[in-house]
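# Structural description and commentary
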Amino acid sequence: ATLDVVRYSQSQFDATIRELKTLLHDPREARHVPRVLADAGIRFIVIEHTKGSKIDGACFWIDSSAPVVAVSLRYDRLDNFWYTLFHELGHIRSEDGLSKHPTLDVDLYAKYTGNRPDHEKKADEFAVETLVPQSELNDFIERVSPIYSTRQVVGFALIHKVHPSIVIGQLQYRGELQYSQLRPLLVKVRDIVPSSALT
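The present account deals with the structure reproduced in this document. Quantities reported herein were computed from a predicted structural model and do not represent experimental measurements.

Cut-offs applied
Residues numbered from 1 in each chain as written. Predicted model: local features only at pLDDT ≥ 70, side-chain atom pairs only at ≥ 80, totals over all residues. Heavy atoms only, no water. Helix = DSSP H or I, 4+ residues; strand = E, 2+ residues; numbered from the N terminus. Rg over C-alpha atoms; globule rule 2.2 N^0.38 Å. Buried < 20%, exposed > 50% of the residue type's maximum accessible area, 1.4 Å probe, protein only. Contact = heavy atoms within 4.5 Å. Areas by Shrake-Rupley, 256 points an atom, 1.4 Å probe, with all protein chains shown as cover. Lys, Arg positive; Asp, Glu negative; His and termini not counted. Charge placed at Lys NZ, Arg CZ, Asp CG, Glu CD. 1 Å grid on protein atoms, 1.4 Å probe; cavity = no way out; pocket = protein on both sides within 12 Å on 5 of 7 lines; lining within 4 Å. Points joined across faces, edges and corners; volume = space filled by probe spheres on them. Nonpolar A, V, L, I, M, F, W, Y, C, P; charged D, E, K, R; others polar. Axes fitted to C-alpha atoms, helices over the stretch in contact; angles between N-to-C directions. Parallel < 35°, antiparallel > 145°, perpendicular 65-115°, else oblique. Left-handed = near helix turned anticlockwise from the far one by under 90°.

The helix and strand inventory of the chain stands at 7 helices and 4 strands. For the chain, the succession of helices and strands along the chain, N to C, is α-α-β-β-β-α-β-α-α-α-α. Here the chain has a C-alpha radius of gyration of 16 Å; the compact-globule value for 199 residues is 16 Å, and the two agree. Projected onto the principal axes, the alpha-carbon positions of the chain cover approximately 50 × 35 × 35 Å. Residues counted as buried form 50% of the 199 residues belonging to the chain. Counting only contacts in the chain whose residues sit at least 6 apart along the sequence, the fraction spanning at least 24 positions is 71%. If you sum the accessible surface of the chain, you get close to 10400 Å²; carbon and sulfur atoms cover 52% of it. Averaged over its 24 positive side-chain charges, the chain has a centre that lies 3 Å from the centre of its 26 negative ones.

Here it is in structure tokens:
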């Protein structure tokens, strides 16, 4: 599928993020991402993941008014899709790669112990904060940890208008949940997004 893409304007960025956030509660809504981004002047492509590759996403610019975001769907999970997308949009927001090389994100979900470049940390922070306000997540963890029930996670997700898998992904990354916990709440995305995206 291809969509007409308008000229990108940084002034429209925050409104685009607000519109994308209205899609976070239902996995099927992810199919609207290509249109929302095209209406904001951002080209969106899905790159088929190749075995052995750890590429999760990329951000580059055709010119100063034509940014491109790519995701690989290396992990077929809704939480990974939204995190990768917002991470790449964080790069667009900071205009990373505009005057230099494209930003290629490899193994985004690894636990980093060493120094991570500032522009990557900034994109990480933008992604997690946009998905779930971190002060609210910290409060939830303080109240509920170490035993997270389905009811508690679903309730917290409902309050923040996101799918429970997004909350689970952040709790897993923080080490609050094992990867085997609450698996019935995790949702696949590979059959939803590519159907409406340039792949």
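This next bit is on empty space enclosed by the protein. Enumeration according to the criterion identifies 1 cavity of 30 Å³ or more in this entry. If you add up the space inside the largest cavity, you get close to 50 Å³. Lining the largest cavity we find Asp56, Val71, Ser72, Leu73, Arg74, Tyr75, Asn80, Phe81, Thr84 and Tyr109. Here the residues of the lining of the largest cavity sort into 5 nonpolar, 3 polar and 2 charged.

Another point: the packing of helix α3 (residues 78–93) against helix α4 (residues 118–131). At their nearest, the axes of α3 and α4 sit 8 Å apart, and the two run at 125° to each other. Classed by the angle they form, the pair α3 and α4 counts as oblique. Of the two elements, α3 crosses α4, and the hand of that crossing is right-handed. When α3 is examined against α4, the residues Trp82, Tyr83, Phe86, His87, Leu89, Gly90, His91 and Arg93 are found in contact with a partner set consisting of His119, Glu120, Ala123, Asp124, Phe126, Ala127, Val128, Thr130 and Leu131. Within the contact of α3 with α4, the residues separate by chemical class into 9 nonpolar, 5 polar and 3 charged.

Turning our attention to helix α7 (residues 164–173). For an α-helix the count is 3.6 residues per turn, leaving residues at separations of three or four pointing the same way. Burial analysis of α7 places 9 of its 10 residues in the buried class, the great majority of the element. Inspection of α7 places Pro164, Ser165, Ile166, Val167, Ile168, Gly169, Gln170, Leu171 and Gln172 among the buried residues, and these make up the whole buried set. Just downstream of α7, Gly175 is the residue with a positive phi angle, here 85°.

Before going further, it helps to spend a moment on the layout of surface pockets. Its volume calculated, the largest pocket comes out at about 450 Å³. If you trace the largest pocket, you find 20 residues lining it, with Tyr83, Tyr109, Gly169, Gln170 and Tyr173 closest to the centre. Broken down by secondary-structure element, the contributors of at least two residues to the lining of the largest pocket are α3, α4 and α7. Sort the elements by how many residues they give to the lining of the largest pocket and α7 lands first, with 5 residues.

Quick look at the side chain of Asn80 now. Considering the arrangement of structural elements, one finds Asn80 in helix α3. Beyond its immediate chain neighbours, meaning those up to four positions away, Asn80 contacts Tyr75 and Tyr109.

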